[in-house]
2 protein chains.
Amino acid sequence: MKNTLLIVGTIAYDDISTPFGSTQKTLGGAAVYSSLAASYFSLNAQIVSVVGNDIDSAYLAALKSKNIDISGIEKIEDMRTFYWKAKYHNDMNTRTTLDTQLNAFQNFNPVLSDNYQNADMLLLGNLDPDIQISVLNQQQNRPKLVMLDTMNFWISQSLNSLQKVLKMVDIVCINDEEARQLSQEHSLLKSAKYIQNLGAKYVIIKKGEHGAMLFFEDQIFIVPGLPLSEVVDPTGAGDSFAGGIMGFLTEKNTVDIESIKLAMVYGSTLASFTVEKFGTENIFSLTKEKIAQRLHFFKNLTQFELEI
Amino acid sequence: MKNTLLIVGTIAYDDISTPFGSTQKTLGGAAVYSSLAASYFSLNAQIVSVVGNDIDSAYLAALKSKNIDISGIEKIEDMRTFYWKAKYHNDMNTRTTLDTQLNAFQNFNPVLSDNYQNADMLLLGNLDPDIQISVLNQQQNRPKLVMLDTMNFWISQSLNSLQKVLKMVDIVCINDEEARQLSQEHSLLKSAKYIQNLGAKYVIIKKGEHGAMLFFEDQIFIVPGLPLSEVVDPTGAGDSFAGGIMGFLTEKNTVDIESIKLAMVYGSTLASFTVEKFGTENIFSLTKEKIAQRLHFFKNLTQFELEI
């Protein structure tokens, strides 16, 4: 019997332009990238999200074709799908958000059906922390592992609720700027300690092309970014990373520091594929062989023998 | 018999201010940081450099006390020592140079004495590429390994000479912005390929707090930056890194990819100590025990077991 990974997060229409080109109304959102990354593991992935009347049913069918359970995606007939428009600058590490329309997410307050209340593991994508708490509280048993993502908006607008949910989760996975904003510390080591003290046992700080860091008690683990010839579109990298981590851990059904380290390598591998093409194109069409090959490349990137 | 590492580079008076404080007329320069880092290995370190009439003899005596051969440091009686004034900004990754006075370095054109012409390994610190070529050409036998550092000024002002010396060395060690400037490529992978094609077999790209990358043929190795609670003064990090690499390789007397990987871990370890205090304070007063302890911490930062 496969373990269940429940993923709550956005489904979006993205308009993205980068120095390499642009897309219009491409499928995006945290739940999409995370579930696609998780789909490469042996598990039962479920999405909780909401879409509007303009959603292309072929997009949802595509997710279903990857064995992702989409029955938890609500469709609101008199609203449109979440919309996000952004432009990446030449260095690909900075972007400007040109438009955000919450649309169907304005009143998002999911009520989980029975078969969504027994997740083995839970990925709380970047959303209002009160919704994250609600989804967690609707679980009949506390999942074995809960990961949370958040963003600057909730840090500045909903800090109390965010602090409440931080005490309820196991892993916080945020980027460097968010960690600095939340902690008011420049040093990422100090930022991580601050967030650990807020309640999360494991803190993962994402640094874009520079990789990601894991903090657990007094241990630190770092996975580098994979050097790439071309980053075509960074959208979804962080969500692929999170989905890969949770996918690996859900399949493995283990929660310990060594498993989480290895999960980060899987997550980084999947994220490295995502950014090589626009939107979901690459993360949609991987094979286990391609993933395995890149995992070994990742291992060789950092391994050495200390002679003393 | 110990191997000889010849280090050519600046000796400077630095005025540095950071968010943590400031120093006036502290000893600095590439040759100083590199030779101090190298002094923790079993070797004979020699400096080729120049100082002015204002040099504090106690500073040179301090280098000598670390078994560094300072007989190749020329003193010019009617000039002052190289002077550099800079201010680091809050993120510690960016700095503004407020003043640079070449002084004694204006006419630097070293003529090596006999005992400086038989180096086993050679570190060509950031200087006019014509001087780098001259020092290399004065060696009676081509050293077993030559590393070169350079900077934006030489890339823009002396590109022909720089391209000439790049064909003569084994390792180029430069920072990310310099690599991008030299290659006109944003991707560091493409930058490294470009520099490899210019002639250097090994290309090391430094990324400050994000660590460093080694490129050799189609292999890549990455050493992360050590997460620190406080970076007090980044000055000298790159030179300590280079000195640590060359110190390790000179002691080991081996040049191969696995040795260079390990050398980078030593270099990163030494650089991480340098930035924890102002100027040379920390790199001057380390112990082998402290270094060994941090090397093991470094190893744990990135090591994992792939199960497939």
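This text goes with the structure placed above it.
These remarks concern the structure in this document.

Basis of the calculations
- Residues numbered from 1 in each chain as written.
- Chains lettered and ligands numbered in written order.
- Predicted model: local features only at pLDDT ≥ 70, side-chain atom pairs only at ≥ 80, totals over all residues.
- Heavy atoms only, no water.
- Axes fitted to C-alpha atoms, helices over the stretch in contact; angles between N-to-C directions.
- Helix = DSSP H or I, 4+ residues; strand = E, 2+ residues; numbered from the N terminus.
- Parallel < 35°, antiparallel > 145°, perpendicular 65-115°, else oblique.
- Left-handed = near helix turned anticlockwise from the far one by under 90°.
- Contact = heavy atoms within 4.5 Å.
- Nonpolar A, V, L, I, M, F, W, Y, C, P; charged D, E, K, R; others polar.
- Buried area = accessible area lost by both parts, 1.4 Å probe.
- Salt bridge = Lys/Arg side-chain N within 4 Å of Asp/Glu carboxyl O.
- Polar contact = N/O pair within 3.5 Å; in protein donor to acceptor, adjacent residues only side chain to side chain.
- Buried < 20%, exposed > 50% of the residue type's maximum accessible area, 1.4 Å probe, protein only.
- Pairing = 2+ DSSP bridges.
- Right-handed = clockwise from strand over helix to strand, strands pointing away.

## A few points about the packing of helix 1 (residues 30-38) of chain A against helix 8 (residues 237-252) of chain A
Residues and elements named next belong to chain A.
Item 1. Two elements in contact, helix 1 and helix 8, have axes whose closest approach is 7 Å; the angle formed by their N-to-C orientations is 40 degrees. Considering the angle they form, helix 1 stands oblique to helix 8. Two packed elements cross with a definite hand, and for helix 1 against helix 8 that hand is right-handed. Within the contact between the two elements, helix 1 uses Ala30, Tyr33, Ser34, Ala37 and Ala38 and helix 8 uses Asp239, Ser240, Gly243, Gly244 and Gly247.
Item 2. Each residue belonging to the contact of helix 1 with helix 8 can be placed in one class, and the counts come to four nonpolar, five polar and one charged.

## Digging into the interface of chain A and chain B
Item 1. At the junction of the two partners, chain A supplies 42 residues and chain B supplies 42 residues.
Item 2. Here chain A packs against chain B, burying approximately 3,800 Å² in sum over the two surfaces, 60% of which is carbon and sulfur.
Item 3. Counting the surface chain A buries against chain B, the share from its top three residues, Phe304, Leu306 and Ile308 of chain A, is 17%.
Item 4. Our count for the contact surface shared by chain A and chain B stands at three salt bridges.
Item 5. A salt bridge links Glu230 of chain B to Lys190 of chain A; the shortest N-O distance between them is 3.0 Å.
Item 6. For the interface between chain A and chain B, the tally reads 14 residue pairs in polar contact (both at pLDDT 80 or more).
Item 7. Only helix 7 (188-198), strand 14 (219-223), helix 8, helix 9 (257-274) and helix 11 (288-302) of chain A provide two or more residues apiece to the side of chain A that touches chain B.
Item 8. Considering every element that reaches the side of chain A that touches chain B, the biggest residue donor is helix 11 of chain A, with nine residues.
Item 9. Looking at the side of chain A that touches chain B residue by residue, the classes come out as 20 nonpolar, ten polar and twelve charged.

## Focus: the pairing of strand 9 (residues 121-124) of chain A
Residue and element names in this part refer to chain A.
Item 1. Neither face of strand 9 is left uncovered, since the one carrying Met121 and Leu123 and the one carrying Leu122 and Leu124 both have all their residues buried.
Item 2. Two elements, strand 1 (residues 4-8) and strand 9, share four bridges in a ladder whose sense is parallel. Looking at the pairing, Leu5 lines up with Met121 of strand 9.
Item 3. Sheet topology note: the strand 9/strand 10 (residues 145-148) ladder contains four bridges and is parallel. Looking across to strand 10, one finds that Met121 is bridged to Leu145.
Item 4. Between the parallel elements strand 9 and strand 10, the chain passes through helix 3 (residues 129-137) in a crossover that is right-handed.

## Observations regarding the pairing of strand 4 (residues 44-51) of chain A
Residue and element names in this part refer to chain A.
Item 1. Burial runs high along strand 4: seven of the eight residues are buried.
Item 2. Pairing analysis gives five bridges linking strand 1 to strand 4, with the strands arranged parallel. For Leu5, the partnering residue across the bridge sits in strand 4 and is Ala45.
Item 3. Direction of pairing for strand 4 relative to strand 5 (residues 68-69): parallel, over a ladder of two bridges. Across the sheet, Ala45 pairs through a bridge with Ile68, a residue of strand 5.
Item 4. A crossover links strand 4 with its parallel partner strand 5, the connecting element being helix 2 (residues 57-65), and its sense is right-handed.
Item 5. Across three bridges, strand 4 lies against strand 6 (residues 73-75) in parallel orientation. Considered in strand 6, the bridge of Val50 is made with Glu74.

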